[in-house]
Amino acid sequence: MDCSTSPGVHPMALPCDSNETSYLLPANSEDWEGHGTPDFVYRQEELLLEGIQWPRRAPGLPDAPPPLSRFDCVLCSAWRQRMELGLFRYHLGELQTQTLPGAVGFVAQLNVERGVQRRRPQNIRSVRQAFDPEQFNFNKIRTGEVLFRLHREPGLPGALQQEDILVMINVSPLEWGHVLLVPEPALGLPQRLLPGALQAGVEAVLLSSHPGFRVGFNSLGGLASVNHLHLHGYYLAHRLPVEGAPSKPLDPGGRLHLLQALPAPGFLFYASGPGPELEALISRVCRATDYLTDHEIAHNLFVTRGAPPGKTSPSSALTGVRVILWARKSSFGIKEGGAFNVALCELAGHLPVKTSQDFSSLTEAAALALIQDCLLPPAQAEEVQAALVALTAQEEQESFQKYLFSY
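Here is what the cut-offs are and how they apply
- Residues numbered from 1 in each chain as written.
- Predicted model: local features only at pLDDT ≥ 70, side-chain atom pairs only at ≥ 80, totals over all residues.
- Heavy atoms only, no water.
- Core = buried A, V, L, I, M, F, W, Y, C linked by side-chain atoms within 4.5 Å.
- Buried < 20%, exposed > 50% of the residue type's maximum accessible area, 1.4 Å probe, protein only.
- Helix = DSSP H or I, 4+ residues; strand = E, 2+ residues; numbered from the N terminus.
- Axes fitted to C-alpha atoms, helices over the stretch in contact; angles between N-to-C directions.
- Parallel < 35°, antiparallel > 145°, perpendicular 65-115°, else oblique.
- Left-handed = near helix turned anticlockwise from the far one by under 90°.
- Contact = heavy atoms within 4.5 Å.
- Nonpolar A, V, L, I, M, F, W, Y, C, P; charged D, E, K, R; others polar.
- Pairing = 2+ DSSP bridges.
- Expected span 1.5 Å × (residues − 1).

Q: Which residues make up the nonpolar core, and what are the values?
A: Ranked by size, the top nonpolar core spans 67 residues in total, and within it Trp79 and Phe148 carry the most contacts. Top contributing element to this core by residue count: helix H3 (residues 195-207), with eight residues. Listed in part, the 34 residues of the second largest apolar core include Leu351, Val353, Ala367 and Ile371.

Q: So what's going on with the packing of H3 against helix H4 (residues 276-294)? Which residues, and what values?
A: Contact pair H3 / H4: the axes reach a minimum separation of 10 Å and the direction vectors enclose 130°. Taken together, the axes of H3 and H4 are oblique relative to one another. Seen from above, H3 lies across H4 with right-handed handedness. Of the residues in H4, those in contact with Pro195, Leu198, Gln199, Val202, Glu203 and Leu206 of H3 are Leu278, Ile282, Val285 and Cys286. Its residues assigned to classes, the contact of H3 with H4 shows eight nonpolar, one polar and one charged.

Q: I'd like to hear about the pairing of strand E2 (residues 39-42), residue by residue, with values.
A: Here E2 shows one buried face, formed by Phe40 and Tyr42, and one open face, formed by Asp39 and Val41. When E2 meets strand E5 (residues 146-152), the two strands line up parallel, connected through four bridges. The partner of Asp39 across the bridge, within E5, is Arg149.

Q: Go over the sheet that holds strand E10 (residues 247-249) with me, naming the residues and quoting the values.
A: Spatially, E2-E5-E6-E7-E9-E8-E13-E14-E12-E11-E10 is the arrangement adopted by the eleven strands of the open sheet, whose pairing is mixed. Both outer strands of the open sheet, E2 and E10, are each paired with one neighbouring strand and no more. The mean inter-strand angle of the sheet, taken between neighbouring strand axes irrespective of direction, is 25°. Of the pairings in the sheet, the one linking strand E7 (residues 179-183) to strand E9 (residues 231-235) comprises three bridges and is antiparallel in character. Across the sheet, Val179 pairs through a bridge with Gly233, a residue of E9. Along the sheet, H3 contacts E2, E5, strand E6 (165-169), E7, strand E8 (213-218), E9, strand E13 (298-306) and strand E14 (320-328); its crossing angle with E13, the most-contacted strand, is approximately 30°. The sheet strands contacting H4 are strand E12 (266-271), E13 and E14, and the helix crosses E12 at an angle near 160°.

Q: Can you break down the environment of Ala261 residue by residue, with the values?
A: Within the secondary structure layout, Ala261 lies in the loop between strand E11 (257-259) and E12. In this structure the C-alpha to C-alpha distance between Ala261 and Gly244, which are 17 residues apart in sequence, comes to 9.6 Å. Not counting chain neighbours up to four residues away, the residues in contact with Ala261 comprise Ala245 and Pro246.

Q: Break down unusual backbone geometry for me, with residues and values.
A: The omega torsion across Leu262 and Pro263 is 15°, close enough to zero to call that bond cis. Inspection of the secondary structure assignment puts Pro263 in the loop between E11 and E12. Positive phi outside glycine occurs at Leu223, with the angle close to 80°. With respect to the helices, strands and loops of the structure, Leu223 is situated in the loop between E8 and E9. Residues other than glycine seldom take positive phi values, yet Glu296 does so here, at roughly 55°. Inspection of the secondary structure assignment puts Glu296 in the loop between H4 and E13. Looking at Glu296, the relative accessible area reads 29%, which means it is partly exposed.

Q: How would you explain the pairing of E9 if you had to name every residue and give the values?
A: Within E9, five of the five residues are buried, leaving the element largely enclosed by the surrounding structure. Side chains of E9 alternate between two faces, with Leu231, Gly233 and Tyr235 and His232 and Tyr234 buried alike. Direction of pairing for E8 relative to E9: antiparallel, over a ladder of four bridges. Residue pairing in the sheet places Arg214 in a bridge with Tyr234 of E9.

Q: Kindly report on H3, identifying the contributing residues and their values.
A: With 13 residues, H3 extends 18 Å between its outermost C-alpha atoms, agreeing within 8% with the 18 Å of an ideal straight helix rising 1.5 Å per residue. Counting buried residues along H3, twelve of its 13 residues qualify, which places the element largely inside the surrounding structure. Here H3 has its buried residues at Gly196, Ala197, Leu198, Gln199, Ala200, Gly201, Val202, Glu203, Ala204, Val205, Leu206 and Leu207.

Coordinates in, geometry out; function isn't part of it.
So this is what it looks like as structure tokens:
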């Protein structure tokens, strides 16, 4: 059993190349109101494609992790300051971590405080539930919880229309650096994935030089606890099974793949980098999530650097971005009794465990049983797959028609 409390590539332990003090709150809390929200404006060349890899750990190959990017420096320094100021529900120390024995490679972490201290989920009964301003939402957070406003440099070619994204702390963090990406909160958007929000999430992954910075989305019924559009982003200094899991193409053009490996089959979308290929991926993913939402099918989504689709392995190079989408049974409210709840990170192989007893006794078989109990019945899963394949074919036909009309 591989246990670790201080992984060698943890971003919080690494020095930054610059001192981004403008993103820190003033020392006097009375001055926080006038601090405003600083802007983080990024350029196309900051979307990092080359050289982002996990360090090799073989003897004689002491690869150092790459220097943190400007995005990492800003996020980590501002996040650490908020932790020191006590703006979280609990102080997050080093989490006890183990890789469960078995073929999957589950990364389990003991996070008792999150299980006890996190805000109770809202009363949600539909994947399509409307936004309710009376319920808790991100317009009601405390001063100081917002780290910065994330947006592209104006005038970048081919960019999707994107609202400004507020990057704020998750006050009940899964791991160090756990943030929420929230499109303009005043719009009151329900928890339904939109292209501009997904683009920001994918590009946040590309802005980080840390191979373990991931982004995800939980739908209503997929354990989203707040019905106000948001994505999660966080650092985990461990490989996950989905980075290099094998897959098979579901359409002739190779635009949609089925992730075949454990812990759960999912739909795999891949892009080698920013540009038209990535914009097409975002459009394709949002068509799929729109279909699932319209048909009251809960879902979870995970964005990570990873290998191209095909016959890959856990050691495959992180040459592009993988977006994995899982359709699953609807589940509302906190589920008691299990070692963990099944949402975006658990389906990817990261298991935040709620009690010491469960952490010490958890096996791969038990984890798989909990996850597979949340998946759709086989007949419904086949219906969803056929529908998403048909949507992909429709998109390909529309693209071909646009190509013809352009001449």
